[in-house]
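The lines below spell out each chain.
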Amino acid sequence: MRRGLVGIGLASIILLAGCSADTPATPTVPTGSSSGAGGSTLKTPAPTLVSPVTGQRITGNQPTLVLQNVSAQFSPGTQVSYEFQVTTLTGQVVYSRTVAGGAANGQGTTSHTVASPLTSNTSYRWRARAVVGSDVGPFSSDASTTAMFVTSSLGPSSSVEEFRVFFFALIDQKGVGPIASAQALGVMEPDLTAVGIILEKSSSGSIRGRLYLPTGNPNNLFSRAVDIGSFGGPWQWVNRGSSTVCEGIC
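Parameters and conventions
- Residues numbered from 1 in each chain as written.
- Predicted model: local features only at pLDDT ≥ 70, side-chain atom pairs only at ≥ 80, totals over all residues.
- Heavy atoms only, no water.
- Helix = DSSP H or I, 4+ residues; strand = E, 2+ residues; numbered from the N terminus.
- Salt bridge = Lys/Arg side-chain N within 4 Å of Asp/Glu carboxyl O.
- Buried < 20%, exposed > 50% of the residue type's maximum accessible area, 1.4 Å probe, protein only.

### Comments concerning unusual backbone geometry
Link 1 in the chain: A cis geometry characterises the amide bond from serine 51 onward to proline 52, with omega recorded as 0°.
Link 2 in the chain: Structurally, proline 52 is set in the loop between strand E1 (48-51) and strand E2 (56-59).
Link 3 in the chain: Note that the residue after glycine 177, namely proline 178, is joined by a cis bond; omega there is 0°.
Link 4 in the chain: Checked against the element boundaries, proline 178 lands in the loop between helix H2 (160-174) and helix H3 (182-194).

Structural data, given as structure tokens:
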């Protein structure tokens, strides 16, 4: 009887030693579970997206995506990579790349510049997840919160047609269509101003339905005038060409 008790006590000591709190967590989900949330098989939190932020307009077709590194308890020396995905607004993946990230200590950031040019004047979303070997963690928060608007660089040398495509894509991205209004132009004004477009305004500061595209000539800012329709009616794009004076305060 005494020998049996000793055997039980020794087995208990071995079991407790194997459950030490200092044992690093394994990368995969607990035994008996094939996957975690969203099909993840890696015990990490989702990365925090740093840049670009929700609704940001990206100049250029190859944005740099930045995330905050995750923090997780892995075996010493475990290196974490990150999968970056760019999707359409409907969720179709148009770009995916996995890059090295480093230790999972929650310190610093990992960035990746999209290698394949995205389509100009188009809205996209992006997301990311941690990767160790063949295991993947959960994706960052719902991609619907990371919409970004990609546009090629526009300026005085850009054609009227390039600005037209940009203008109507911006209407869709901001969700202000299909009826022209001063309020909608007010919503779009920061993006229009960013590419050099001047909004015509009345002497009281009210927005009017005319745009002036950049000319590159500080002495003649109004030679590329475009009417965008009467407020209360559908958006239009009527090229008025040369105009030496802004009809109001611009």
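There is more to say, and it comes next.
### As for the pattern of salt bridges
Where side chains of opposite charge bring their charged atoms close, a pairing between them can arise.
Link 1 in the chain: Inspection of the entire model under this criterion finds 7 salt bridges.
Link 2 in the chain: Ionic pairing is found between glutamate 83 and arginine 129, a salt bridge with its closest N-O pair at 2.7 Å. You can see glutamate 83 sitting in strand E4 (residues 80-87) and its partner arginine 129 sitting in strand E7 (residues 122-132), a full 46 residues away along the chain. No difference in accessibility class separates glutamate 83 from arginine 129, as the two residues are buried.
Link 3 in the chain: A salt bridge links aspartate 227 to arginine 210; the nearest nitrogen and oxygen atoms lie 2.7 Å apart. Of this pair, aspartate 227 sits in strand E12 (residues 225-227) while arginine 210 is found in strand E11 (residues 207-212), placing the two residues 17 residues apart along the sequence. For the pair aspartate 227 and arginine 210, a shared accessibility class is recorded, and that class is buried.
Link 4 in the chain: Three or more residues are tied together by salt bridges with common partners; here these are Arg210, Asp227 and Arg240.

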